[in-house]
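A look at the structure
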Amino acid sequence: MSNNFLNPVTTQTWANGRHIVRCVKVIQETWDVRTFCFMADQPIMFFFKPGQFVTLELEIEGQPIMRSYTISSSPSVPYSFSVTIKRVPGGKVSNWLHDTLHEGQELAVHGPVGLFNAIDFSSPKVLYLSGGVGITPVMSMARWYYDTNANVDMTFIHSARSPKDIIYHRELEHMASRIDNFSLHLICEKHGLGEPWAGYRGYLNHKMLELMVPDFLEREVFCCGPTPYMTAVKRLLEAAGYDMKRYHEESFGATPPEARADAVEQAEQAADAPEVDAADLHLVEFTSSGKSIRVGPGETVHAAAAKLGMMIPKACGMGICGTCKVLKLGGEVEMEHNGGITEDDEAEGYILSCCSVPKGDVRIDF
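Residues numbered from 1 in each chain as written. Predicted model: local features only at pLDDT ≥ 70, side-chain atom pairs only at ≥ 80, totals over all residues. Heavy atoms only, no water.

In the nomenclature of an unreviewed UniProt entry, the protein is known as Glycine-betaine demethylase subunit GbcB of Pseudomonas marvdashtae. Per UniProt, the comment on the protein under Sequence similarities (unreviewed entry) is "In the N-terminal section; belongs to the FAD-binding oxidoreductase type 6 family." (UniProt positions renumbered as here; feature names shortened; annotations may be inferred.)

Within the structure shown, the criterion is met by zero disulfides. No disulfide involves C324; its sulfur sits 3.7 Å from the nearest other cysteine sulfur, which is in C354. The class for C324 is buried, based on a relative accessible area of 2%. With a relative accessible area of 12%, C354 lands in the buried category. (Disulfide = S-S within 2.5 Å. Buried < 20%, exposed > 50% of the residue type's maximum accessible area, 1.4 Å probe, protein only.)

Across the sheet, which stays open at both edges, the five strands sit in the order β16-β15-β21-β17-β19 with mixed pairing between neighbours. In this open sheet, the two edge strands, each paired with only one partner strand, are β16 (291-295) and β19 (350-352). Neighbour-to-neighbour, the strand axes of the sheet open up by a mean angle of 35°, direction not taken into account. Where strand β15 (residues 282-286) meets β16, five bridges bridge the pair, whose relative direction is antiparallel. From the neighbouring strand, V284 faces β16, where its bridge partner is I293. (Pairing = 2+ DSSP bridges. Helix = DSSP H or I, 4+ residues; strand = E, 2+ residues; numbered from the N terminus. Axes fitted to C-alpha atoms, helices over the stretch in contact; angles between N-to-C directions.)

Let's shift gears to the environment of I85. When you line up the elements, I85 lands in strand β7 (residues 81-86). It is 9.5 Å that separates the C-alpha atoms of I85 and E29, two residues lying 56 residues apart in sequence. The contact partners of I85, leaving out residues within four places of it in the chain, are D32, V33, R34, F36, Y69, S94, L97 and H98. (Contact = heavy atoms within 4.5 Å.)

Here we take up the packing of aromatic side chains. Inspection of every chain in the model, using the stated rule, returns nine aromatic pairs. Relative to F81, the ring of W14 has its centre 5.2 Å away and its plane inclined at 20°; by these criteria the two rings are stacked. Here W14, found in the loop between β1 (12-13) and β2 (17-30), pairs with F81, found in strand β7; they are 67 residues apart in sequence, far enough to count as distant. Under the relative-accessibility criterion, W14 is labelled buried at 5%. An angle of 45° between the planes, with centres 6.0 Å apart, marks the rings of Y128 and F222 as tilted. In this pair, Y128 sits in strand β9 (residues 125-131) while F222 sits in strand β13 (residues 220-224), placing the two residues 94 residues apart along the sequence. Residues Y128 and F222 agree in their burial class; the two are buried. Of the aromatic side chains, those joined through ring pairs into one cluster are W14, F38, F46, F48 and F81. It is R143 that lies over the ring of Y168; its NZ or CZ is 4.7 Å from the centre. One residue, K164, lies across the ring of W31, its end atom 5.1 Å from the ring centre. (Phe/Tyr/Trp six-rings, centres within 6.5 Å; stacked < 30°, edge-to-face > 60°. Lys NZ or Arg CZ within 6 Å of the ring centre and 35° of its normal.)

On to the environment of K307. Tracing the backbone through its elements, the reader meets K307 in helix α7 (residues 301-307). Along the primary structure K307 and S292 are separated by 15 residues, whereas in three dimensions their C-alpha atoms are 9.8 Å apart. Other than its neighbours up to four places away in sequence, K307 contacts I293 and E299.

Attention shifts here to the sheet that holds strand β11 (residues 182-188). Sheet architecture is open: six strands sit in the order β12-β11-β10-β9-β13-β14, paired in parallel fashion. Strand pairing shows two members of the sheet lacking a second neighbour, β12 (200-201) and β14 (247-249), which therefore form its edges. Inspection of the sheet shows β9 paired to strand β10 (residues 153-160) by seven bridges, in the parallel sense. Following the sheet pairing, S130 is matched in β10 by H158. Relative to the sheet, helix α2 (residues 135-147) contacts β9, β10, β11 and β13, its axis offset from that of β10 by approximately 150°.

Printed below as a string of structure tokens:
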């Protein structure tokens, strides 16, 4: 390692945007889960808020694909970051990553972004609830507090399908054995023949919660897992009288049913909509490409680009992932995002094209 690598004068700090990184390590966590570790060839300190995520820019079978994954590592290890990914049967991206992504391979990454994090909702007593691969963001939080010797009382409850599916099993037990402010509880839905398991079995319920963490009503809760798991956790906490203002969940994932319903409804309305008066149209100009188009009320900057045959990178379409960030050079837009952009980026003029609707003529650097 050269002396320049750790020189604070030459080392850059990660900022929300597009960066080229190289895979430097692949770790087999369980039979169907792998952790991919990345670094930059030019030293970058990957500072982020534990719990945030990045979007990987991939090319699979000649097609560009964007996928967002939570960072599973901690910013206490600043010269690299990791994502932990489960192989999903029939999953195009997860299978490609497991089968194809190897040490030395380069790819582009966007981020970090996300409102679900340990910094913005700090508390002296926290409860981490995770199911399956949803363990990744709360593991990042736990690693951060563990590495920084933070005076935070942590209880970590993780639910897995079986003992062989427990991600970070040894590391979690190591953390629990080293410090007295980290309490670990593991729940397995089932266990196979010859597979010893002396822990909790079944699904998390109120009795288990009271046994594991009697003071759960006093704690800040961070929850992540499959949608049915998070729905069950919310119902459990609400029934117990928990203050849901202190409940936080990782909202990144599949498009919510209500969002899909809205999209269908909007499409039907658009099909039946009358011609829009020319006075109500707004000019969207893309300065770098020299193209422009007029759009009607409610149409986004991203939709304007698509009509011109220009594809601004996009992953979630809901203002969560931050992939579609572009610089607005002039004009005003109404942007309703879900944490995919920082206040600093907004102050510099950046917008998320997928959820930004022009309020007049606008100029975009793209």
